[in-house]
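Single-letter residue listing:
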Amino acid sequence: MNVLVSGGTGFIGSHTVVELMAGGHNVIIFDNFYNSKRDVLDKIYRISGRRPVFYECDMRDEDALRRIFVENDIDAVIHFAGYKAVYESVEKPLMYYENNLGGTFVLLRLMKEFGVSRLIFSSSATVYGIPEHCPVKEDAPLYCLNPYGRTKLMIEDILRDVAAADSSFSVVLLRYFNPVGAHPSGLLREDPNGIPNNLMPRVIQAAKGQIPRLSVFGDDYDTRDGTCIRDYIHVVDLAKGHVAALDYVADSTGAVAVNLGTGNGYTVLELINTFMNVNHVNVPYEIVGRREGDSPSVYADAALAKELFGWEAKLTLEDMVRDALRGAEADG
Ligand code: UFG
């Protein structure tokens, strides 16, 4: 298929582009490098031996996006582009709603105009809020605790409405759990602009001495060691989940939400200890107070992805921590 990938130079987008090309698809990327770097394109080439078609543009620029649809015979869209920092979304909600929703509207209008009916959307387990039960299934109640999460849930709702109104439309809403790790080549990695907030980039900073110590947010939760439990998933497994979902949207109609997780939960301290043991490095840390809005435990029921796509995560926490550090070291 000719697959248009919005945000294809970002962390999950770039890994997915590599797996799409390995799966024989032609890839057309657009990105405005808001939270990624141009050299990712060269790195994709070094890994794949192929260069995706690339357009530098903002997804709200309808004329620029129309040109992409005119110049390429698009079969399906994978929509990653969007702002994603939880804290920033609380400070700048309008910026998040305008960009994430506005860009999606432009994309959907053009898909309709050009008769493109297959879409995979980059959603998040954040739509489960603080889940009552784990493992969390796709039919669990949905609500969000911040504007970033609400943009994901609103877009999910919009896409469900679009699919209900147009019987030819096929959309998969992929709810990611906690993507970590990096491509085993060491070439692609999570490279957020600004100060990272997520656990793995902070662990790496502490391991490399870039911050004096990692703050662990709370050890008084009702979990096995008191720290929060998350379902960390290797980004290469996650990327392969998109290729599997693409085969599914090609032969289905309607909208379906599917978890992409491993089904295993690890505590913050388990992740830190695994990182230290596998990589033979010290990660200085201290326990501090809880972070507002954190859920004690979030891990997936991953059965639906296996049932619908024949996909399941294969890589272990050891693979994740090893590849995460290798990616960070390759870039110094
Ligand atoms: N944590 C720390 N110290 C840090 C950073 C995080 O202890 O410096 C802890 C958090 O308290 C949490 C765990 O590590 O218990 C994971 O935190 P992350 O910020 O890495 O991830 P979250 O689970 O909070 O959120 C992530 C993404 C969201 C996404 C959500 C889906 O950031 O975009 O998963 O569950 F929506």
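Look a little higher up for the structure.
Heads up: these notes are all about the structure in this document. What you see is a predicted model, and the numbers here were worked out from it, not measured in a lab. (Residues numbered from 1 in each chain as written. Predicted model: local features only at pLDDT ≥ 70, side-chain atom pairs only at ≥ 80, totals over all residues. Heavy atoms only, no water.)

Across its full length, the protein holds 11 helices and 14 strands. Considered along the principal axes of its C-alpha atoms, the protein spans approximately 55 × 45 × 40 Å. Considering the protein as a whole, with its 332 residues, one finds that 54% of them fall into the buried category. The long-range fraction of contacts in the protein, counting pairs at least 24 apart against all pairs at least 6 apart in sequence, stands at 80%. By element, 48% of the accessible surface of the protein is carried by carbon and sulfur atoms, the whole surface being about 14,300 Å². Between the centroid of the 32 positive side chains of the protein and the centroid of its 45 negative side chains there is a distance of 4 Å. (Helix = DSSP H or I, 4+ residues; strand = E, 2+ residues; numbered from the N terminus. Buried < 20%, exposed > 50% of the residue type's maximum accessible area, 1.4 Å probe, protein only. Contact = heavy atoms within 4.5 Å. Areas by Shrake-Rupley, 256 points an atom, 1.4 Å probe, with all protein chains shown as cover. Lys, Arg positive; Asp, Glu negative; His and termini not counted. Charge placed at Lys NZ, Arg CZ, Asp CG, Glu CD.)

Before going further, it helps to examine the packing of helix H5 (residues 93-113) against helix H6 (residues 147-165). Contact pair H5 / H6: the axes reach a minimum separation of 9 Å and the direction vectors enclose 25°. The angle between H5 and H6 places the two elements in the roughly parallel class. Here the hand of the crossing between H5 and H6 comes out right-handed. Contacts between H5 and H6 involve Pro93, Tyr96, Tyr97, Asn100, Leu101, Thr104, Phe105 and Leu108 from the former and Pro147, Tyr148, Arg150, Thr151, Met154, Ile155, Ile158, Leu159 and Val162 from the latter. Its residues assigned to classes, the contact of H5 with H6 comprises 13 nonpolar, 3 polar and 1 charged. (Axes fitted to C-alpha atoms, helices over the stretch in contact; angles between N-to-C directions. Parallel < 35°, antiparallel > 145°, perpendicular 65-115°, else oblique. Left-handed = near helix turned anticlockwise from the far one by under 90°. Nonpolar A, V, L, I, M, F, W, Y, C, P; charged D, E, K, R; others polar.)

As a further point, take helix H9 (residues 268-279). Across its 12 residues, H9 extends 16 Å between first and last C-alpha, which sits within 8% of the 16 Å expected from 1.5 Å per residue. Of all the residues in H9, the buried ones are Val268, Leu269, Leu271, Ile272, Thr274, Phe275, Met276 and Asn279. Buried residues along H9 sit against helix H7 (199-207), strand S8 (214-217), strand S10 (232-234), strand S12 (266-267), strand S13 (285-288) and helix H11 (317-330). Just beyond H9, the residue with positive phi is His280, at close to 50°. (Expected span 1.5 Å × (residues − 1).)

Another point: the site of the ligand. By nearness alone, 19 residues border the ligand, and Ser124, Asn198, Ser215, Arg230 and Asp294 come closest of all. A distance of 3.0 Å separates an oxygen atom of the ligand from a polar atom in the backbone of Phe217. Alone, the ligand offers 680 Å² of accessible surface; in the complex the protein occludes 88% of this. Sorting elements by how many residues they give to the shell around the ligand places S8 first, with 4 residues. Taken together, the residues of the shell around the ligand break down into 9 nonpolar, 6 polar and 4 charged. (Near = heavy atom within 4 Å. Polar contact = N/O pair within 3.5 Å; in protein donor to acceptor, adjacent residues only side chain to side chain.)

Here the focus is the side chain of Asn99. Of note, Asn99 is situated in helix H5. Overall, Asn99 belongs to the buried group, its relative accessible area being 4%. In this structure the side chain of Asn99 is engaged in a polar contact, spanning 3.1 Å, whose partner is the side chain of Asn100. With sequence-adjacent residues up to four places away left out, Asn99 is seen in contact with Met59, Arg60, Gly82 and Tyr83.

Tallied over the full model, the rule gives 6 aromatic pairs. Pairing Tyr83 with Tyr96 gives two aromatic rings, centres 5.4 Å apart and planes at 55°, and the pair type is tilted. Residue Tyr83 is found in the loop between strand S4 (76-79) and helix H4 (86-91), and its partner Tyr96 is found in helix H5; the two are separated by 13 residues along the sequence. In this structure, Tyr83 and Tyr96 share a single accessibility class: buried. (Phe/Tyr/Trp six-rings, centres within 6.5 Å; stacked < 30°, edge-to-face > 60°.)

Residues Val40, Leu41, Lys43 and Ile44 constitute the buried set of helix H2 (residues 40-48). Take H2 and look down its axis: the buried residues cluster within an arc of 160°, on one side only. Contacts made by the buried residues of H2 are with helix H1 (11-22), strand S2 (26-31) and strand S3 (53-56). Gly49 sits one or two residues past H2 and shows a positive phi near 70°. (Arc of directions from axis to C-beta.)

Spatially, 3 strands are ordered S12-S9-S14 in an open sheet, and the strand pairing comes out mixed. Of all strands in the sheet, those with a lone pairing partner are S12 and strand S14 (297-298), marking the two edges. With 2 bridges connecting them, strand S9 (residues 229-230) and S14 associate as parallel partners. Counterpart to Arg230 in the pairing with S14 is Val298. (Pairing = 2+ DSSP bridges.)

This next bit is on the pattern of salt bridges. Scanning all chains against the criterion turns up 25 salt bridges. Close ionic contact of Asp220 with Arg290 constitutes a salt bridge, the shortest N to O distance being 3.0 Å. In this pair, Asp220 is assigned in the loop between S8 and S9 and Arg290 in the loop between S13 and S14, connecting sequence segments 70 residues apart. Residue Asp220 is classed as exposed on the basis of its relative accessible area, which comes to 51%. Classification of Arg290 by relative accessible area gives partly exposed; the value is 49%. The network of salt bridges with shared partners includes Glu62, Asp63, Arg66, Arg109 and Glu113. (Salt bridge = Lys/Arg side-chain N within 4 Å of Asp/Glu carboxyl O.)

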